[in-house]
Amino acid sequence: MKRAFKFRFYPDPEQADLLNRTFGCVRKVYNLALQARTEGWYQRQERVNYNATSAMLTAWKKSEELAFLNEVSSVPLQQCLRHLQGAFSAFWEKRTRYPRFKSKRKSRASAEFTPSAFRFKDGKLTLAKMSAPLDIVWSRPLPEGQTPSTVTVSRDSAGRWFVSLLCEDIPAPMPATTAAVGIDAGLTHLVTLSTGEKVANPRHERTDRKRLARAQRELARKDKGSKNRAEARLKVARVHARITDRRRDILHKLTTRLVRENQTIVIEDLAVRNMVKNHSLARAISDAAWHDFRSLLTYKAEWYGRDLVVIDRWYPSSKVCSACGAIADKMPLNVREWTCRCGTTHDRDVNAARNILAAGLAVSACGAGVRPQRGNLRSGRQAVKQEPGGRPPESPSFRTPLGNGQTI
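Residues numbered from 1 in each chain as written. Predicted model: local features only at pLDDT ≥ 70, side-chain atom pairs only at ≥ 80, totals over all residues. Heavy atoms only, no water.

The subject of this paragraph is the pattern of salt bridges. In total, this model carries 20 salt bridges according to the counting rule given. Here Arg21 makes a salt bridge to Asp17, at a shortest N to O gap of 3.1 Å. One end of the pair, Arg21, and the other, Asp17, are both in helix H1 (residues 13-44), four residues apart, so they sit about a helical turn from each other. Its relative accessible area of 41% is what places Asp17 among the partly exposed residues. Residues Asp347 and Lys198 are paired through a salt bridge, measuring 2.8 Å at the closest nitrogen-oxygen approach. Here Lys198 lies in strand E10 (residues 198-200) and Asp347 lies in strand E14 (residues 345-347), a separation of 149 residues in the sequence. Looking at Lys198, the relative accessible area reads 30%, which means it is partly exposed. (Salt bridge = Lys/Arg side-chain N within 4 Å of Asp/Glu carboxyl O. Helix = DSSP H or I, 4+ residues; strand = E, 2+ residues; numbered from the N terminus. Buried < 20%, exposed > 50% of the residue type's maximum accessible area, 1.4 Å probe, protein only.)

A cluster of basic side chains, namely Lys210, Arg211, Arg214, Arg217, Arg221, Lys222, Lys235 and Arg238, defines a positive patch on the protein surface. Elements with a minimum of two residues in the positive patch: helix H5 (209-221) and helix H6 (227-261). Relative to the elements of secondary structure, Lys235 occurs in helix H6. When its relative accessible area of 47% is taken as the criterion, Lys235 is described as partly exposed. (Patch = residues over 30% accessible without salt bridge, like charges linked within 9 Å, V, L, I, M, F, W, Y side chains within 5 Å. Areas by Shrake-Rupley, 256 points an atom, 1.4 Å probe, with all protein chains shown as cover. Lys, Arg positive; Asp, Glu negative; His and termini not counted. Charge placed at Lys NZ, Arg CZ, Asp CG, Glu CD.)

Quick look at helix H2 (residues 50-62) now. Counted at 1.5 Å a residue, the expected span for H2 with its 13 residues is 18 Å, and the 19 Å between its end C-alpha atoms agrees. Listing the buried residues of H2 in full gives Tyr50, Thr53, Ser54, Leu57, Trp60 and Lys61. Each buried residue of H2 sits inside an arc of 115 degrees when the element is viewed along its axis, so together they form one side. When the buried face of H2 is taken as reference, the exposed residues oriented beyond 90 degrees from it are Asn51 and Lys62. The inward-facing, buried residues of H2 abut H1 and helix H3 (74-92). (Expected span 1.5 Å × (residues − 1). Arc of directions from axis to C-beta. Contact = heavy atoms within 4.5 Å.)

See the structure below:
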């Protein structure tokens, strides 16, 4: 499979200047091509394809106004036209919205190089129009005997430089196991496992909230367009980068451990986009990064041959008793422990994780979805984790053993 290996590097002033000009030219060509394709369709009902924009690029480079495009490698300019074609293809297939123009401040600064525009030899990477290789921090080795098929250079908002090398790779197989785990995502605890383990939520954004607020106040005092404002903006970006890096480090370590220890992993299909509409919880939900957690689990399970089962978001995992299968009438968010009529006392999150695991194993066994009857759903759906009332439909998929002789 194709796998990207990302490293940080430190360019010298000459390299940084060339790369910054390359980023600007890539953004300019992308915007010009997008404008040409948009005008061609809306004004002349003409569909402009990649070949047409490639011919336009040749004409632009010959013009006096855009002669500066010749100062950088032509490969990243051609690649951005291919990316634009891919964006339009996704739009036509209704997988995304209409392509947008790139902004100098808000868009990601990046450029992609194909093998004709870089040289990789003896662990040193030299890009087109550069006399010296990049000073890369090789934090991990590349796959043995593999040469990158593409190289993407980028600069984040905090001013850090990164290079991503796309290589063919076969992930090392994980040891065989029969273990399975259900995962309930939360805010007090990042995740709760069906084994009873609770992983604390580090709340990285809350930890750095004062530092971020101070940097943002300093930014607000600076005059727009001044050098001081640019430096203050960089300080804000560095605080955000610190929060993001620490959050992703925790998520990577957690997801890797879950994939290594379990063959089957069961999670809920949470509608995070709808949940953050609750302004009381939006900041905490965003800091927990549930969407990133699921994304990491998805590709790691695919890499290492593990089974990731996603059950329906409307399954009342917290309200179902994992001992007898009874469903509680109400379960407000402030109730963290409850006692079922069968006499079993449950920790809300652990009980939910066990029910998620049972439902996921049932899905794996029979291939059916976990979705309660719509007639049992309440009409008012709030932007929080929903757990509808009513017993799920009686079917074999809901009578899965929990490992202690009990069923749901």
